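Survey of secondary and tertiary structure
As a plain string of letters, each chain reads:
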Amino acid sequence: MEETNTQWHLALKPAVDLEFAEERENLSYFKDFSLNQQALEIDLLIIKKEGNQPIKNEIGRLFRKYNVLEYKSPKDELNIDTFYKVTAYTCLYKAYGKTVDERKADEITMTLIRKAKPVKLFQYFEEHGIRLENPYKGIYYVMNGVLFPTQIVVTKELNHQEHIWMTALTDEMQKQQLQELLDKTESFQTKFDRELAEAVLEVAIKANWQTAQELRGDGNMCQALMELMEPEINKIKENVREETTQQVTQQVMQQGIRNAIIALRVCGNGDIEIKNAIMRAYGLSSNEAEEYL
C-alpha cells in the first residue's frame, strides 16, 4: 500500500538528536516551539547550553547559542517567501525574550532543511547578489543579505555514511540504505537512542513503502525487524492473552502498536492474535487489514 501522508516532522527531532549525539549533554531541544499564544511555531529549536566549542557534526558547525531549524518535506517547496517566513519567525524568537535584547542577534542561527536543492531560491540569491558558500557536501551558507548566520541543508547531497539519520528523511530510499538504517537502529544499546532511531525508521518505511515491500522476501531483513520490535510485540501478546474487552484495544494503542504494525507490514505475516488486535485497534475489516500486509 502506498503511503500518501507521511508525517515527516515526526522524524526531524529524532534524526537531529542522533546527528548530534556526541553533543547531547550540551544541547536542549524544543519541538514545535510556540512563538506566542497563536499558532506560530518553529519546527525545532536547539539551545546550546554552554561553551564556545564548535559542534563536530558538519550540520551543527554553524550553531551558536540559539538555533532555529525549519524542515521542508520532500514535496514542499522552499522558495524565497518560505525563506523570509522562517527569517520572520527567527526574528520573533529573538524579540520574544523575557527582557530587552536577552537573545542576542549574533547568538542566533537559522537552518533550513530540504531533500533536494532549492534551485529557484538559489537563482533568486544569485540574481540579487546574495552569495552562497558550500563548505561541506550538501551544506550551503548564506553569506550576506541575512540577519542571522544562515545555512541551507540539502539532505540528498549529504554524505550518507556521515549523516545516516538526516539522509533517511527521504522518499527515494534504496534497499541498501533502508537495510543500513535498520542495522544502525539495531546496533544501539541504550533505550533512548533506540527509541529515537525507531521513530526515524518508522517514517522511513512509511515514506518508502515500495522499497520496504521489495525487502519482504529477505528473511534476514524480516527477522531483524521482528527482533527490533520484539519488546512491543511481546507486550501486545501479553495483553491479548490477559484481556478480551475493549480495554485491550486501548492498551494496544498505547503500547507500541505503531512499531508492531511496521514489522507486520514489512514481513507480511505474524501472530494471528496480534493481527486481530491491530484490526480492533484501528477499526479495520479483514479486507482493509490486508491492505497493510
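The written sequence of each chain sets the order in which its residues are numbered from 1. Owing to the predicted nature of the model, reporting of local features is limited to residues with pLDDT of at least 70; listing and counting of side-chain atom pairs is limited to 80 or more, with chain, interface and lining totals taken over all residues. To obtain the side-chain values, all non-hydrogen atoms of the structure were used and water was disregarded.

**Description of the overall build of the protein chain**
Applied cut-off: In DSSP terms, a helix is any run of H or I states spanning at least four residues, a strand is any run of E spanning at least two, and both are numbered starting from the N terminus. Classification of residues uses two cut-offs on accessible area relative to the type maximum, computed with a 1.4 Å probe and protein chains only: under 20% is buried, over 50% is exposed, and between them is partly exposed. For accessible areas, the Shrake-Rupley method is used with a probe of radius 1.4 Å. Any residue's cover is judged against the shown protein chains and nothing else.
Along its length, the protein chain carries 12 helices and seven strands. Counting across all 293 residues of the protein chain, residues that qualify as buried make up 50%. Total accessible area on the protein chain is roughly 14,900 Å²; 45% of this is exposed by carbon and sulfur atoms.

**Some points on the packing of helix H4 (residues 175–187) against helix H5 (residues 191–207)**
Filter applied, for reference: Geometry is summarised by axes, namely lines fitted to C-alpha atoms with helices restricted to the contacting stretch, and by angles between N-to-C directions that run from 0 to 180 degrees. Just so you know how the angles are binned, under 35 degrees is roughly parallel, over 145 roughly antiparallel, 65 to 115 roughly perpendicular, and the rest oblique. Left-handed describes a crossing whose near helix is turned anticlockwise from the far helix by less than a right angle; the clockwise case is right-handed. It only takes one pair of heavy atoms within 4.5 Å for two residues to be counted as in contact.
Closest axis-to-axis distance for the H4/H5 pair is 9 Å, and the angle between their directions is 160°. Between H4 and H5, the crossing angle belongs to the class labelled roughly antiparallel. Two packed elements cross with a definite hand, and for H4 against H5 that hand is left-handed. Here Leu 178, Leu 181, Leu 182, Thr 185 and Glu 186 of H4 lie close against H5, whose contacting residues are Arg 194, Ala 197, Glu 198, Leu 201, Ala 204 and Ile 205.

**Comments concerning H5**
Every α-helix winds through 3.6 residues per turn, so residues three or four apart in the chain are directed the same way. Put simply, the rule is: Here, expected helix span is obtained from the residue count minus one, scaled by 1.5 Å.
In this model, H5 (17 residues) spans 24 Å end to end at C-alpha, consistent with the 24 Å of a helix rising 1.5 Å per residue. Counted residue by residue, H5 has 12 buried out of 17 residues, so it is predominantly covered. Looking at H5, one finds that the buried residues are Asp 193, Leu 196, Ala 197, Glu 198, Ala 199, Val 200, Leu 201, Glu 202, Val 203, Ala 204, Ile 205 and Ala 207.

**Let's talk about helix H3 (residues 119–127)**
Which entries qualify depends on this criterion: It is the directions from the helix axis to the C-beta atoms whose arc is reported.
Inspection of H3 places Leu 121, Phe 122 and Phe 125 among the buried residues, and these make up the whole buried set. With its buried residues spanning 100° around the axis, H3 presents them on a single face. Exposed and facing more than 90 degrees away from the buried side of H3 are Lys 120, Glu 126 and Glu 127. As for H3, its buried residues are in contact with helix H2 (80–95), strand S5 (132–136), strand S6 (139–142) and strand S7 (150–154). Remark: Gly 129 follows H3 within two positions and exhibits a positive phi of approximately 70°.

**So, the layout of surface pockets**
We apply this condition: Lining residues are those with an atom within 4 Å of a point, where the points come from a 1 Å grid over the protein atoms alone and group into cavities, where a 1.4 Å probe fits but cannot get out, or pockets, open sets with protein on both sides within 12 Å along at least five of seven lines. Grid points are joined across faces, edges and corners, and a volume is the space filled by probe spheres set on the points. Think of it as three bins: nonpolar holds Ala, Val, Leu, Ile, Met, Phe, Trp, Tyr, Cys and Pro, charged holds Asp, Glu, Lys and Arg, and polar takes everything else, Gly as well.
Estimated volume of the second largest pocket: approximately 310 Å³. Along the walls of the second largest pocket sit 17 residues, with Leu 18, Glu 19, Glu 22, Asn 57 and Glu 162 positioned nearest its centre. Here the residues of the lining of the second largest pocket sort into seven nonpolar, three polar and seven charged.

**What about the packing of aromatic side chains?**
Stated formally: Aromatic rings from Phe, Tyr and Trp, taking only the six-membered ring of Trp, are treated as a pair when their centres fall within 6.5 Å; an angle between ring planes under 30 degrees marks them as stacked, one over 60 as edge-to-face, and anything in between as tilted. We call a charge positioned over a ring when the NZ of a Lys or the CZ of an Arg lies within 6 Å of the ring centre and within 35 degrees of the ring normal.
Applying the stated criterion to the full structure yields seven aromatic pairs. Seen in terms of ring centroids, Phe 20 and Phe 63 are 5.4 Å apart; in terms of plane orientation they differ by 75°. Their pairing is edge-to-face. Placement of Phe 20 in the loop between helix H1 (9–19) and strand S1 (27–34) and of Phe 63 in the loop between strand S2 (41–48) and strand S3 (66–71) is noted, with a sequence separation of 43 residues between them. Here the two residues Phe 20 and Phe 63 agree in accessibility, since each one is buried. With 5.7 Å between their ring centres and 65° between their planes, Tyr 66 and Tyr 93 make a pair best called edge-to-face. On the criterion of sequence distance, the pair formed by Tyr 66 in strand S3 and Tyr 93 in helix H2 is long-range, its members being 27 residues apart. For the pair formed by Tyr 66 and Tyr 93, the shared burial category is buried. Among the aromatic residues, those joined into a ring-pair cluster are Phe 83, Tyr 84, Phe 122, Phe 125 and Tyr 140. Its guanidinium or amino end placed over the ring of Tyr 29, Lys 13 lies 5.1 Å from that ring's centre, counting from NZ or CZ. The positively charged end of Arg 103 is found above the aromatic ring belonging to Tyr 93, 3.9 Å away from the centroid.

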